[in-house]
Amino acid sequence: MATLIAPSMLSADFGRLAEEIDMVNSSDADLFHLDIMDGVFVPNISYGFPVVKAISRLARRPLDAHLMIVDPDRYVEMFADAGVKYLSVHIEACTHLHRTIQNIKERGMKAGVALNPHTPAIMLKEILPDADFILVMSVNPGFGGQSFISSSLDKIAEIREMARIRAPHLLIEVDGGVNKENAPLLVKAGANILVAGNSIFSHSSPKDAIRELKGYI
Ligand code: DX5
Ligand code: ZN
């Protein structure tokens, strides 16, 4: 399948949010990646429902919300109501992950399981057939603009191998420090969705950055 590109809106200029959304709408990007941080699960606070709903009204690509929050179950319905189509929760934040995944799917969204860099791939063994996608964090979550942790490549390959029999349609999303240099390696390792913030929004031409990530340039 073609690689999907998901610009992380955390790196957008929020003073010109409508223009930044338009840029994504008229680019080769496939999803809007929305980072939700609560200041508890991660040492940073990002934005909440007023911003998610504003993006939802203007976006012409599906919304992919990445919840870096404790107790995500409390908000699953609200994200569905806000128009989110891909919803990921952290394995480290969920005591009853199987129940949370079913809850997300019952609301008509694709359910993702996100892993911090220190969490081994084997933790996914039982949940893999139930998840629609896995989000591999290739930086410690909380901030945009950090350097890619290179061991994430082996982790992606390991998850792809685990999924070969148990979850052949599994999507693997990678998030953190993704750029045009590591993108081809990530795709080769088995990633299907590339999230990128800094490498897109700090580029002199964000649309070209998206095309580069897609492999078109
Ligand atoms: C980090 C977020 C990422 C981040 C990616 O906690 O989950 O989505 O915004 O940004 P870059 O591509 O700049 O690392
Ligand atoms: Zn993210």
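Heads up: the structure comes first, above all this text.
Residues numbered from 1 in each chain as written. Chains lettered and ligands numbered in written order. Predicted model: local features only at pLDDT ≥ 70, side-chain atom pairs only at ≥ 80, totals over all residues. Heavy atoms only, no water.

A. Layout of helix α8 (residues 206-214). All of the buried residues along α8 are P206, A209, I210, E212, L213 and K214. Tucked inside the fold, the buried residues of α8 contact β1 (4-7), α1 (17-25), α6 (183-189), β8 (193-196) and α7 (198-201). Once α8 ends, the next one or two residues include G215, with phi positive near 90°. (Buried < 20%, exposed > 50% of the residue type's maximum accessible area, 1.4 Å probe, protein only. Helix = DSSP H or I, 4+ residues; strand = E, 2+ residues; numbered from the N terminus. Contact = heavy atoms within 4.5 Å.)

B. Focus on the pattern of salt bridges. Following the criterion strictly, the structure yields seven salt bridges and no others. Of the charged contacts, one joins K214 and D30 as a salt bridge, the two residues approaching to 3.1 Å between their closest N and O atoms. Residue K214 is found in helix α8, and its partner D30 is found in the loop between α1 and β2 (32-37); the two are separated by 184 residues along the sequence. With a relative accessible area of 17%, K214 lands in the buried category. Between R164 and E161 there is a salt bridge; the shortest N-O distance is 2.9 Å. Of the two residues, R164 and E161 are both situated in helix α5 (residues 152-166); the distance of three residues between them amounts to about one turn of the helix. With a relative accessible area of 54%, R164 lands in the exposed category. Using a relative accessible area of 45% as the deciding quantity, one classes E161 as partly exposed. When salt bridges with common partners are traced through the structure, they connect D13, R16, E19 and E20 into a single cluster. (Salt bridge = Lys/Arg side-chain N within 4 Å of Asp/Glu carboxyl O.)

C. A look at the environment of E19. By secondary structure assignment, the location of E19 is in helix α1. A C-alpha to C-alpha distance of 10.0 Å links E19 and L58, two positions 39 residues apart in sequence.

D. Representation of the coordination of the zinc ion (ligand 2). Taken together, the protein donors to the zinc ion (ligand 2) comprise H33 (NE2), D35 (OD), H66 (ND1) and D175 (OD), at separations of 2.0 to 2.3 Å. Considering all six donor atoms around the zinc ion (ligand 2), the spread of angles at the metal, 70 to 170°, places the coordination shape in the octahedral class. Since its relative accessible area comes to 0%, H33 is described here as buried. (Donors = N, O, S within 2.8 Å, 3.2 Å for Na, K, Ca; no water. Tetrahedral: all angles 85-135°; square planar, octahedral: opposite > 155°, others 65-115°.)

E. Focus on the side chain of N25. With respect to the helices and strands, the residue N25 is situated in helix α1. For N25, the side chain forms a polar contact with the main-chain oxygen of L58, separated by 3.0 Å. Every residue in contact with N25, bar those within four places of it in the chain, is listed here: F32, L58, A59, R60 and R61. (Polar contact = N/O pair within 3.5 Å; in protein donor to acceptor, adjacent residues only side chain to side chain.)

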